[in-house]
Amino acid sequence: KYNQYTYTDFIDDIANSLPQYDFNHQLDDIAGYDLIFLTFDNGTADIRNNAALAADVIRWIDSTKVPNNNNGNIIEQNVVMGLSMGGLVARYALAKMTKAGENTGTRLLITHDSPHQGANVPLGLQYFIRMLGNFQLFGTNVTDIFPEYNQVIGLFTAPATQQLLIYTSTGTNTYAANTFLNNDYRNM
């Protein structure tokens, strides 16, 4: 299993790339914002399922907000940020909430490195990886030499991968076009 990217990784990455800028101090002490970092038990699950969880988190955040003025009616709006596939998950969640007539309490959606048009992994590379499973090296099957091979094939067949890739190999010389992006995602 891969190492999960956490909020400390996020803060550390900013600190390492901008050592002169104390993001955590700026966010907490200066701006007075809270950072809620959502990770998924299964990041390769169906994007719609992870979006439902993200929507639940947004609703929970909105329900715990405290008015920030004396009249008791001004509440800060959310800024939602999605990294990579998280951008698709966040966009889908917010769009579905909006279409259902819900107030998302969100003023801004930021996505970073998110494949909104789909991910383009060349079919030739996908075919090559699938063919390796049938290859023997010095009389030993490649899958015995590289046990991670089955994890890679599992990733190819995961629901989120099927929803992200523009074209997905379904065998060593067959493929399927993505239907999620054009039918479900872009219609949100």
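Residues numbered from 1 in each chain as written. Predicted model: local features only at pLDDT ≥ 70, side-chain atom pairs only at ≥ 80, totals over all residues. Heavy atoms only, no water.

Caption draft 1: Spatial organisation of the nonpolar core. Grouped together as the largest cluster of nonpolar side chains are 20 residues, with contacts concentrated most on Ile47, Met85, Leu88, Val89, Phe180 and Tyr185. Of all the secondary-structure elements, those providing two or more residues to this core are helix 3 (47-64), helix 4 (85-99), helix 8 (159-164) and helix 9 (180-185). Ignoring sequence-local partners within four residues, the contact set of Tyr185 consists of Gly87, Leu88, Arg91, Tyr92, His116 and Phe180. Within the second largest apolar cluster, 5 residues are counted, among which are Phe10, Ile14, Phe23 and Leu27. (Core = buried A, V, L, I, M, F, W, Y, C linked by side-chain atoms within 4.5 Å. Buried < 20%, exposed > 50% of the residue type's maximum accessible area, 1.4 Å probe, protein only. Helix = DSSP H or I, 4+ residues; strand = E, 2+ residues; numbered from the N terminus. Contact = heavy atoms within 4.5 Å.)

Caption draft 2: Quick peek at helix 4. An ideal rise of 1.5 Å per residue puts 21 Å on 15 residues; helix 4 measures up with 21 Å between its terminal C-alpha atoms. Within the sequence span of helix 4, burial applies to Met85, Gly87, Leu88, Val89, Ala90, Tyr92, Ala93, Leu94, Ala95 and Met97. Contact partners of the buried residues in helix 4: helix 3, strand 1 (78-83), strand 2 (106-112), helix 8 and helix 9. Directly beyond the C-terminal end of helix 4, a positive phi value near 85° is found at Gly101. (Expected span 1.5 Å × (residues − 1).)

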